[in-house]
Amino acid sequence: MIAPDSFKGTATAVDVAAAIAAGWRTVRSDDELLQLPMADGGEGTIDALERGIAHAVRVPSTVSGPLSDPIAADWLRFVDADGVDTGVVELAQTSGLPLLDPLDPLHAHTLGFGQQIALALDAGVQRLLLAVGGSSSTDGGTGALTALGAKFLDEAAHRLPLGGGALERLSSVSFGAVREVPSEGAYLLSDVRNPLTGPLGAAAVFGPQKGASLDQVLLLERGLARLARRMPVDPTATGAGAAGGTGFGMLAWGAIARSGAEAVCEAIGVGAALPGADLVITGEGSYDQQTSSGKVASEIELVATRHHVPVAVVAGRISVASETVDSAVSLEELAGGTEAAMRDTISWLEAAGAELARRYSR
């Protein structure tokens with residue numbers, strides 16, 4: 001089984017799995033290879049679920065992008081193993097960082113994410129999986145909640161403009177007309193454990209990645225703090241700081257936080273397929289101290305260990321060791337440096353697949 005995450009900025013999870021498989025086949029051409037590309041609730045979650053779930057259907061839509069320009073984006077629909085009609089909405093498609101050039105940390109918003117949630121609700125899904133990684137905004141999920149019927153008002157009872165930059169003027173919040181979560185619940189998929197506010201919060205940690213200067217980080221922090229005081233959710237709850245605080249907004253709506261990697265594993269049947277596997281290969285761009293905090297590789301290791309199946313890791317860089325990993329290959333070491341590995345990632349992934357195949361042929 002080949003079940004990697006994407007290598008951010010260089011290769012999708014689908015491409016990573018295919019490259020490792022291609023390399024493996026150059027050495028062991030008769031082996032049966034099952035490719036199950038993974039995701040952790042960020043960009044690529046819909047791709048992984050679509051590939052791993054029979055009869056999953058992409059549903060096209062047009063919604064507001066992060067600065068309100070209309071954009072085309074898909075959500076995913078499938079019936080799970082329990083017969084539950086499930087919708088998957090991926091924030092990266094509607095409000096993602098790559099959708100903006102230049103970045104606009106004060107005005108970017110999540111309205112389109114909420115619009116897609118509303119479309120899935122209109123279609124009658126019974127359960128929602130909310131993949132929230134990769135946000136371009138720090139609006140606390142207020143854009144998404146606005147699309148679902150919430151009102152965010154200033155002291156004059158006027159609606160605030162969209163975007164995190166306006167939240168420092170927030171005076172009151174109305175949830176009176178907000179749509180209900182579906183009958184089988186809504187689940188926030190993320191690997192982020194940061195709180196909404198504070199030195200480890202959404203603005204301080206992730207704001208600079210979205211283009212925020214120090215002054216803008218402070219402004220966004222003030223806005224999120226005002227939001228936190230007006231919403232019935234603990235701002236330190238798991239997932240609250242995800243996606244510029246969108247996690248906080250979705251928790252306030254009634255979503256339940258889940259490990260994104262765990263949910264994807266479950267949905268595509270990794271555990272069900274493992275008893276027939278002799279080896280699982282997983283991987284990610286950087287296998288480091290962050291890996292154990294809900295990343296794809298750690299979830300695959302956990303599930304494989306339960307089924308007594310050995311695990312091999314392929315990563316761009318490997319800086320920590322794991323007792324549950326049987327073998328590991330670093331692209332950085334194969335290529336002789338980080339730059340070389342990133343310049344031709346697919347070729348080095350193929351080389352890593354071949355190297356692992358040779359190791360398991362001895």
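Residues numbered from 1 in each chain as written. Predicted model: local features only at pLDDT ≥ 70, side-chain atom pairs only at ≥ 80, totals over all residues. Heavy atoms only, no water.

Draft legend 1. Inspection of the overall build of the protein at higher detail. Each helix and strand counted, the protein has 14 helices and 11 strands in total. Relative to a compact globule of 362 residues, whose C-alpha radius of gyration would be 21 Å, the protein shows 21 Å and is just as compact. Projected onto its principal axes, the C-alpha coordinates of the protein cover approximately 75 × 45 × 35 Å. Residue burial in the protein is summarised as follows: out of 362 residues, 54% are buried. Taking the contacts inside the protein whose residues are at least 6 apart along the sequence as the reference set, 69% of them involve residues at least 24 apart. Surface accessibility of the protein: about 15000 Å² in total, with carbon and sulfur atoms responsible for 50%. Charge-centre separation for the protein: the mean point of 25 positive side chains lies 4 Å from the mean point of 43 negative side chains. (Helix = DSSP H or I, 4+ residues; strand = E, 2+ residues; numbered from the N terminus. Rg over C-alpha atoms; globule rule 2.2 N^0.38 Å. Buried < 20%, exposed > 50% of the residue type's maximum accessible area, 1.4 Å probe, protein only. Contact = heavy atoms within 4.5 Å. Areas by Shrake-Rupley, 256 points an atom, 1.4 Å probe, with all protein chains shown as cover. Lys, Arg positive; Asp, Glu negative; His and termini not counted. Charge placed at Lys NZ, Arg CZ, Asp CG, Glu CD.)

Draft legend 2. Looking closely at the sheet that holds strand S4 (residues 127-131). Across the sheet, which stays open at both edges, the six strands sit in the order S1-S2-S3-S4-S7-S8 with mixed pairing between neighbours. Only two strands of the sheet have a single neighbouring strand rather than two, namely strand S1 (57-64) and strand S8 (256-259). Here the strands of the sheet are splayed against their neighbours by 30° on average, with no regard to which way each runs. The pairing of strand S3 (residues 85-90) with S4 spans five bridges and is parallel. Its bridge partner being in S4, Val88 is matched across the sheet by Leu129. Here helix H8 (residues 242-253) sits on the sheet in contact with S4, strand S7 (186-190) and S8, set at roughly 160° to S7. This element, helix H9 (residues 260-268), spans S7 and S8 of the sheet and lies at about 75° to S8. (Pairing = 2+ DSSP bridges. Axes fitted to C-alpha atoms, helices over the stretch in contact; angles between N-to-C directions.)

Draft legend 3. Just the sheet that holds strand S10 (residues 311-318), in detail. Taken together, three strands build an open sheet; the order of strands is S9-S10-S11 and the sheet is parallel. Bordering the open sheet on either side are strand S9 (280-287) and strand S11 (327-330), each of which pairs with just one other strand. Averaged over all pairs of adjacent strands, the angle between their axes in this sheet comes to 20°, without regard to strand direction. In terms of strand pairing, S9 meets S10 through seven bridges, oriented parallel. Paired with Ile281 across the two strands is Ala312, which belongs to S10.

Draft legend 4. How the structure looks around helix H2 (residues 45-52). Residues of H2 that are buried include every one of Thr45, Ile46, Ala48 and Leu49, and no others. Looking straight down H2, one finds its buried side chains confined to an arc of 160°; they lie on one side. (Arc of directions from axis to C-beta.)

Draft legend 5. Spatial organisation of the pattern of salt bridges. According to the stated counting rule, one finds 17 salt bridges in the structure shown. For Lys8, the salt bridge is made with Asp5, and the minimal N-O distance between the two is 3.8 Å. Classification of Lys8 as exposed rests on a relative accessible area of 54%. Accessibility expressed as a relative area gives 5% for Asp5, which makes it buried. One network of salt bridges, with partners in common, ties together Asp47, Glu50, Arg58 and Asp74. (Salt bridge = Lys/Arg side-chain N within 4 Å of Asp/Glu carboxyl O.)

Draft legend 6. Broad picture of the pairing of S1. Relative to strand S2 (residues 70-79), S1 runs antiparallel, the two sharing eight bridges. Note on S2: the bridge partner recorded for Pro60 is Asp74. From the end of S1 to the start of S2, which pair antiparallel, there are five residues, and Ser68 there has a positive phi angle of about 80°.

Draft legend 7. The nonpolar core, seen in detail. Among the nonpolar cores identified, the biggest contains 48 residues, and Phe113, Ile117, Leu128, Leu130, Met250 and Trp253 are the most heavily contacted of them. Among the elements that make up this core, the one with the highest residue count is H8 (seven residues). Other than its neighbours up to four places away in sequence, Leu130 contacts Val89, Phe113, Ile117, Ala186, Tyr187, Leu188, Leu189, Met250, Trp253 and Ala255. Counting residues in hydrophobic clusters, the runner-up holds 35 residues, among them Leu76, Phe78, Leu189 and Ala304. (Core = buried A, V, L, I, M, F, W, Y, C linked by side-chain atoms within 4.5 Å.)

Draft legend 8. Representation of the packing of helix H1 (residues 13-25) against helix H14 (residues 345-359). Remark: H1 packs on H14, axes separated minimally by 6 Å, with the N-to-C direction vectors making an angle of 45°. Comparing their axes, H14 and H1 come out oblique. The hand of the H1/H14 crossing is right-handed. Here Asp15, Val16, Ala19, Ile20, Ala22, Gly23 and Trp24 of H1 lie close against H14, whose contacting residues are Ile346, Leu349, Glu350, Gly353, Ala354, Leu356 and Ala357. (Parallel < 35°, antiparallel > 145°, perpendicular 65-115°, else oblique. Left-handed = near helix turned anticlockwise from the far one by under 90°.)

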